[in-house]
Number of protein chains: 2
Amino acid sequence: MVTKALELVEAEGPDALTMRRLAAELDVTTTTIYWHVGSRDELITEIIRQQSEQLAARPIKGTTPRQRIMAAATHIWESAVEHRAITSLAHQSGASSLLQHPLEVALAAELEAAGLTGPAAALAQRSILATITGFLVLALRDEASIREDSRSTTLWASTEADLDRSTIDALAAPHDLPKLFEVTLQAVVDSQL
Amino acid sequence: MVTKALELVEAEGPDALTMRRLAAELDVTTTTIYWHVGSRDELITEIIRQQSEQLAARPIKGTTPRQRIMAAATHIWESAVEHRAITSLAHQSGASSLLQHPLEVALAAELEAAGLTGPAAALAQRSILATITGFLVLALRDEASIREDSRSTTLWASTEADLDRSTIDALAAPHDLPKLFEVTLQAVVDSQL
DNA sequence: ACCTGAACACCGTTCAAGT
DNA sequence: ACCTGAACACCGTTCAAGT
């Protein structure tokens, strides 16, 4: 049943997960689900927990600590983008930490291998995770579902700001998110080493 | 009516903004609101637009470009935290760019003053904004409303990872978000100058 | 122990009808 | 031009009742 719920989310997005819809999928009544899981919130927690276990840390490649930390951080990002529906669900329900925890452990291990422990390691870890979160929000934001006049590129294209033409044009153009992610993350990582 | 909606959100949070609730507040029928604004989505866009205009960029202090860029970026963060309910609403509806745009213009101006134009300015701007977004998610996340077993600190406290005791303890302890924000943002800004 | 039917208190939205 | 009443198609959740 948790598995079915997970499939439903993967296939049709977080909003498709309603108690009635899931019940229909399982050929039972809505109330049956409540008997088993208690509430929608607990169901979601179970979904995230199950997905979290699947998220076994892939082997990290790279020789220098700098490379390996970048790889561990990039892994968190890629895995989240790969399972965007579940990531969104976790984000909506405040369960992102639960989902990412195994991969966060792998990151912390690489930070220790780089010589960081205690508060210094926690600082680096959180600084990196916050950065990843920011890019995740951008990556999961479905531009197509946003009203045209609320899109960043549209706003810049019609802005009357006293800025260089080339700057405005660049801000009105679409961006290369993976590249942006790498550049920014590298700066954050380097500042902590 | 948009003003009343804005007040409602500020006072009771984004979830309190339902068409029926707003109608009751205005002593009209739900359908009246539809006649005026079309849909909930358009109502939200108007709320954000109105708030956005209020968000006039405060004068930025600091002498060096580095200081002034940090001030402009911190201003975006502080203003979002100050109006957390509207920020959450904008975030939920994909209208964050619309809300923050005036303050983003101020940031872009400081980047130009530092000598960045065109694609280099766009890169710096987006790198900084993504970082702010990450910390905003952490700041607006209401820890109290998250199930205890999904909280990051709880997960670390009960983790069996092969890490130094001091590291785990540091990760299980609460963090100083403003300090973390400043350190991380400074690293990102410096990497772009 | 497991499942159902009916109900409660909500949503956003539409549409014919009134003034 | 502006507002209402009634209805539609949804939500999450509870609870007494069945096997």
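To be clear, the structure that these remarks concern was listed above.
Thresholds, definitions, all that
- Chains are numbered independently. Their residues run from 1 in the order of the written sequence.
- Chains carry letters and ligands carry numbers; both start at the beginning, A for chains and 1 for ligands, and go up in the order they are written.
- The model is predicted, so local features are restricted to residues of pLDDT at least 70 and side-chain atom pairs to those at 80 or more, both for listing and for counting; the totals for chains, interfaces and linings are taken over all residues.
- Hydrogens are left out, water is left out, and the side-chain values use all remaining heavy atoms of the structure.
- When the copies are overlaid, the least-squares fit takes in C-alpha atoms only where the residue has pLDDT of at least 70 in both copies.
- Residue contacts follow a heavy-atom distance rule, with two residues in contact if any of their heavy atoms lie within 4.5 Å.
- Throughout this document, a residue counts as near a molecule or strand when at least one of its heavy atoms sits within 4 Å of that molecule or strand.
- Between N or O atoms, a polar contact is any pair within 3.5 Å; within protein, one atom must be a potential hydrogen donor and the other a potential acceptor, and residues adjacent in sequence are included only when both atoms are from side chains.
- Numbering of helices and strands runs from the N terminus, with a helix taken as a DSSP run of H or I at least four residues long and a strand as a DSSP run of E at least two residues long.
- Residue polarity follows a fixed list, in which Ala, Val, Leu, Ile, Met, Phe, Trp, Tyr, Cys and Pro are nonpolar, Asp, Glu, Lys and Arg are charged, and the others, Gly among them, are polar.
- The buried area of a pairing is the accessible area, by a 1.4 Å probe, that goes missing from both parts when the two are put together, added over both.
- Here a salt bridge means any side-chain nitrogen of Lys or Arg lying within 4 Å of a carboxyl oxygen belonging to Asp or Glu.
- In these notes, a set of buried Ala, Val, Leu, Ile, Met, Phe, Trp, Tyr and Cys residues joined through side-chain atoms within 4.5 Å is what counts as a nonpolar core.
- Type-normalised accessible area, obtained with a 1.4 Å probe on protein chains alone, sets the label of each residue: buried when under 20%, exposed when over 50%, and partly exposed for intermediate values.
- Given the number of residues in a helix, its expected span is that number minus one, multiplied by 1.5 Å.
- In this analysis, rings of Phe, Tyr and Trp, with Trp reduced to its six-membered ring, are considered paired at centre separations within 6.5 Å, and the interplanar angle assigns stacked below 30 degrees, edge-to-face beyond 60, and tilted for intermediate values.

Caption draft 1: How the structure looks around the relation of the copies chain A and chain B. Between the two copies, chain A and chain B, the superposition gives an RMSD of 0.0 Å; the rotation angle is 180 degrees and the shift along the axis is 0.0 Å. Overall, the copies show the geometry of a two-fold rotation axis. Of the C-alpha atoms belonging to chain A, the one lying closest to the rotation axis is found on G134 of chain A, 1.7 Å away. In this assembly the copies share their binding face: 100% of the residues contributing to the interface of chain A also contribute to that of chain B.

Caption draft 2: Structural detail: the protein's contact with DNA strand C. Not every one of the 16 residues close to DNA strand C is listed here, only the nearest: T31, T32 and H36 of chain A together with R20 and T31 of chain B. Of what DNA strand C places within 4 Å of the protein, 51% of the atoms are sugar or phosphate. T32 of chain A is positioned such that a nitrogen or oxygen atom in its side chain is 2.5 Å from a phosphate oxygen of DNA strand C. Sorting the residues of the surface near DNA strand C by element identifies α3 (30-37) of chain A together with α2 (19-26) and α3 (30-37) of chain B as the ones contributing at least two each. Counting residues per element, the surface near DNA strand C draws most heavily on α3 of chain A, at 4 residues.

Caption draft 3: Seen up close, the environment of S88 of chain A. Residues and elements named next belong to chain A. Within the secondary structure, S88 is located in helix α6 (residues 84-92). Taking C-alpha positions, S88 is 7.3 Å from L140, a pair spaced 52 residues apart along the chain. In contact with S88, other than residues within four places in its own chain, are P14 and L140.

Caption draft 4: Quick peek at the protein's contact with DNA strand D. The environment of DNA strand D is formed by 16 residues, the closest being R20 and Y34 of chain A together with T31, T32 and H36 of chain B. Counting only atoms of DNA strand D within 4 Å of the protein, the sugar-phosphate share comes to 50%. A distance of 3.3 Å separates a phosphate oxygen of DNA strand D from a polar atom in the side chain of T18 of chain A. Contact between DNA strand D and R40 of chain A: a phosphate oxygen at 2.9 Å from a main-chain N or O atom of the residue. For the surface near DNA strand D, the element with the most residues is α3 of chain B, which contributes 4 residues. Of the residues in the surface near DNA strand D, the class split is 5 nonpolar, 8 polar and 3 charged.

Caption draft 5: Broad picture of the interface of chain A and chain B. Contact residues are listed per partner, giving 60 residues for chain A and 60 residues for chain B. It is H101, R126 and R147 of chain A that lose the most area in chain A upon contact with chain B, and together they represent 13% of the buried surface on that side. For the pair chain A and chain B, the number of links is 2 salt bridges. Residue D149 of chain B pairs with R49 of chain A through a salt bridge whose shortest N-O separation is 3.6 Å. Across the contact surface, chain A and chain B share 20 residue pairs in polar contact (both at pLDDT 80 or more). Where the side of chain A that touches chain B is concerned, the elements lending two or more residues are α4 (40-54), α7 (96-113), α8 (118-140), α9 (152-157), α10 (165-172) and α11 (177-192) of chain A. Per-element tally for the side of chain A that touches chain B: the top contributor is α8 of chain A, with 15 residues.

Caption draft 6: Structural detail: the nonpolar core. Counting 104 residues, the largest nonpolar core has L17, I128 and I132 of chain A together with L17, I128 and I132 of chain B as its most contacted members. If near-sequence neighbours (up to four positions away) are discounted, I128 of chain B is found in contact with I69, A73, L107, L111, L185, V188 and V189 of chain B.

Caption draft 7: Local environment of unusual backbone geometry. All names here are of chain A. For D27, which is not a glycine, the phi torsion comes out positive at approximately 60 degrees. When you line up the elements, D27 lands in the loop between α2 (19-26) and α3. Using a relative accessible area of 72% as the deciding quantity, one classes D27 as exposed.

Caption draft 8: Local environment of α11 of chain A. Taking 1.5 Å per residue, 16 residues should reach 22 Å; α11 of chain A reaches 23 Å between its end C-alpha atoms and fits that length. Its buried side turned inward, α11 of chain A meets α5 (65-82) and α8 of chain A together with α8 (118-140) and α11 (177-192) of chain B.

Caption draft 9: The arrangement of α5 of chain A in detail. Residues and elements named next belong to chain A. A rise of 1.5 Å per residue sets the reference length of α5, with its 18 residues, at 26 Å; its end C-alpha atoms lie 25 Å apart and thus fit the reference within 8%. Those residues of α5 not exposed but buried are I69, M70, A72, A73, H75, I76, W77, S79 and A80. Residues of α5 that are buried in the fold lie against α6, α7, α8 and α11.

Caption draft 10: Quick peek at the packing of aromatic side chains. Scanning the model with the defined rule gives 5 aromatic pairs over all chains in all. Seen in terms of ring centroids, W77 of chain A and F135 of chain A are 6.5 Å apart; in terms of plane orientation they differ by 85 degrees. Their pairing is edge-to-face. Note that W77 of chain A is positioned in helix α5 and F135 of chain A in helix α8, a separation of 58 residues in sequence. Here the two residues W77 of chain A and F135 of chain A agree in accessibility, since each one is buried. A ring pair is formed by F135 of chain B and F181 of chain B, whose centres lie 5.5 Å apart and whose planes are at 80 degrees; its orientation type is edge-to-face. With F135 of chain B in helix α8 and F181 of chain B in helix α11, this pair connects stretches of sequence that are 46 residues apart.

Caption draft 11: Here's a closer look at the pattern of salt bridges. In the structure shown here, the tally under the stated rule is 18 salt bridges over all chains. Taking the shortest distance from any N to any O, the salt bridge between R21 of chain A and E25 of chain A comes out at 3.0 Å. With R21 of chain A and E25 of chain A both in helix α2, this residue pair falls 4 residues apart, about one helical turn. When the shortest N-O distance is used, the salt bridge between D169 of chain B and R165 of chain B registers 3.2 Å. Separated by 4 residues within a single helix, D169 of chain B and R165 of chain B lie in helix α10 (residues 165-172), roughly one turn from each other.

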